[in-house]
Amino acid sequence: DAGVTQSPTHLIKTRGQQVTLRCSPKSGHDTVSWYQQALGQGPQFIFQYYEEEERQRGNFPDRFSGHQFPNYSSELNVNALLLGDSALYLCASSFGWSQETQYFGPGTRLLVL
Amino acid sequence: EDQVTQSPEALRLQEGESSSLNCSYTVSGLRGLFWYRQDPGKGPEFLFTLYSAGEEKEKERLKATLTKKESFLHITAPKPEDSATYLCAARWNTGFQKLVFGTGTRLLVSP
């Protein structure tokens, strides 16, 4: 049973650039959530996608955007990168809008120089 | 604003020395309390979901409990491989699917 997968594992960008991170949900799951985790902190909710629409959003600026594809995979895009965007970006999947438990992928480590 | 607070920030135990981690949360409208384990540089691994006061769940040396105002993760006779950061997260009626995490407890178990 394939778990949540994310790519790439690591990424280095410079300020002002744009980045796209990818996520494939666990088999049988159709809902994808994205989180940002700074060093030494707990994950912070960015947004969630269900049925190819953004259903809920956390306190992140519009520079953070996303997409969900018909096969339930998802992308996180960040424009105009800032040094403070350096973090571990986590994707979590679950089944259905009301399913409680979210399962996380290994994350993408983004470093902005 | 709905919040989750974990204590202690860090805990050092000898192998076999049992202890408990604490998670307190905004009580009103709680719709689920979650425990995850996270190893350095990896994604959180799901451990338990608790929904109502008095509920308990166990897995190997770990037991999670929920009261009306806090949750505990009890670790019985820990082993070095239990060393990790343990994260508590919660969801509320007003937050829909959004999970709010605490900052975690870093557990180190020495042989």
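Everything that follows concerns the structure shown earlier in this document.
What this report covers is the structure whose coordinates are included nearby. (Residues numbered from 1 in each chain as written. Chains lettered and ligands numbered in written order. Predicted model: local features only at pLDDT ≥ 70, side-chain atom pairs only at ≥ 80, totals over all residues. Heavy atoms only, no water.)

1. Some words on the overall build of chain B
- Per the secondary structure count, chain B includes zero helices and eleven strands.
- In sequence order, the secondary structure elements of chain B are arranged as β-β-β-β-β-β-β-β-β-β-β.
- Against the 2.2 N^0.38 benchmark of 13 Å for 111 residues, chain B shows a C-alpha radius of gyration of 13 Å, consistent with a compact globule.
- When its C-alpha atoms are laid out on the principal axes, chain B stretches across 45 × 30 × 20 Å.
- Looking at the 111 residues of chain B, the share that counts as buried comes to 48%. (Helix = DSSP H or I, 4+ residues; strand = E, 2+ residues; numbered from the N terminus. Rg over C-alpha atoms; globule rule 2.2 N^0.38 Å. Buried < 20%, exposed > 50% of the residue type's maximum accessible area, 1.4 Å probe, protein only.)

2. Notes on unusual backbone geometry
- Cis geometry is found at the peptide bond from A:Ser7 to A:Pro8, where omega equals -10°.
- Tracing the sequence through the fold places A:Pro8 in the loop between β1 (5-7) and β2 (10-13).
- A cis amide bond, omega -10°, links B:Ser7 with the succeeding residue B:Pro8.
- With respect to the helices and strands, the residue B:Pro8 is situated in the loop between β1 (4-7) and β2 (10-14).
- Of note in the backbone geometry, B:Glu60 takes a positive phi value of approximately 55° without being a glycine.
- Along the chain, the position of B:Glu60 falls in the loop between β6 (56-59) and β7 (62-66).
- One non-glycine residue, B:Ala77, lies in the positive phi region at around 45°.
- Along the chain, the position of B:Ala77 falls in the loop between β8 (70-75) and β9 (84-92).
- On the basis of relative accessibility, which here comes to 36%, the residue B:Ala77 falls in the partly exposed class.

3. Some details on the sheet that holds β8(B)
All names here are of chain B.
- In spatial order, the strands read β1-β3-β8-β7-β6; together these five strands make up an open sheet with antiparallel pairing. Single-partner strands in this sheet number two, and they are β1 and β6. Adjacent strand axes in the sheet meet at a mean angle of 15° when their direction is disregarded.
- Two strands pair when backbone bridges link them, and β6 and β7 are joined in this way by four bridges, in the antiparallel orientation. Along β7, the bridge assignment pairs lysine 57 with alanine 64. (Pairing = 2+ DSSP bridges. Axes fitted to C-alpha atoms, helices over the stretch in contact; angles between N-to-C directions.)

4. Considering the pattern of salt bridges
Residue and element names in this part refer to chain B.
- Scanning the model with the defined rule gives eight salt bridges over all chains in all.
- The closest approach of N and O atoms between arginine 37 and aspartate 39, which form a salt bridge, is 3.1 Å.
- By relative accessible area, aspartate 39 is classed as partly exposed at 22%.
- Among the ionic pairs, glutamate 55 bridges to lysine 57, the shortest N-O distance being 3.8 Å. (Salt bridge = Lys/Arg side-chain N within 4 Å of Asp/Glu carboxyl O.)

5. So, the state of the cysteines
Residues and elements named next belong to chain A.
- Taken as a whole and judged by the stated rule, the model has two disulfides over all chains.
- The disulfide partner of cysteine 23 is cysteine 91, and the S-S distance across this bridge is 1.8 Å. Disulfide cysteine 23 to cysteine 91: torsion about the S-S bond roughly -55°, handedness left-handed. Of the two residues, cysteine 23 is situated in strand β3 (residues 19-24) and cysteine 91 in strand β9 (residues 87-94); the sequence distance between them amounts to 68 residues.
- On the basis of relative accessible area, cysteine 91 is assigned to the buried category, the value being 0%. (Disulfide = S-S within 2.5 Å.)

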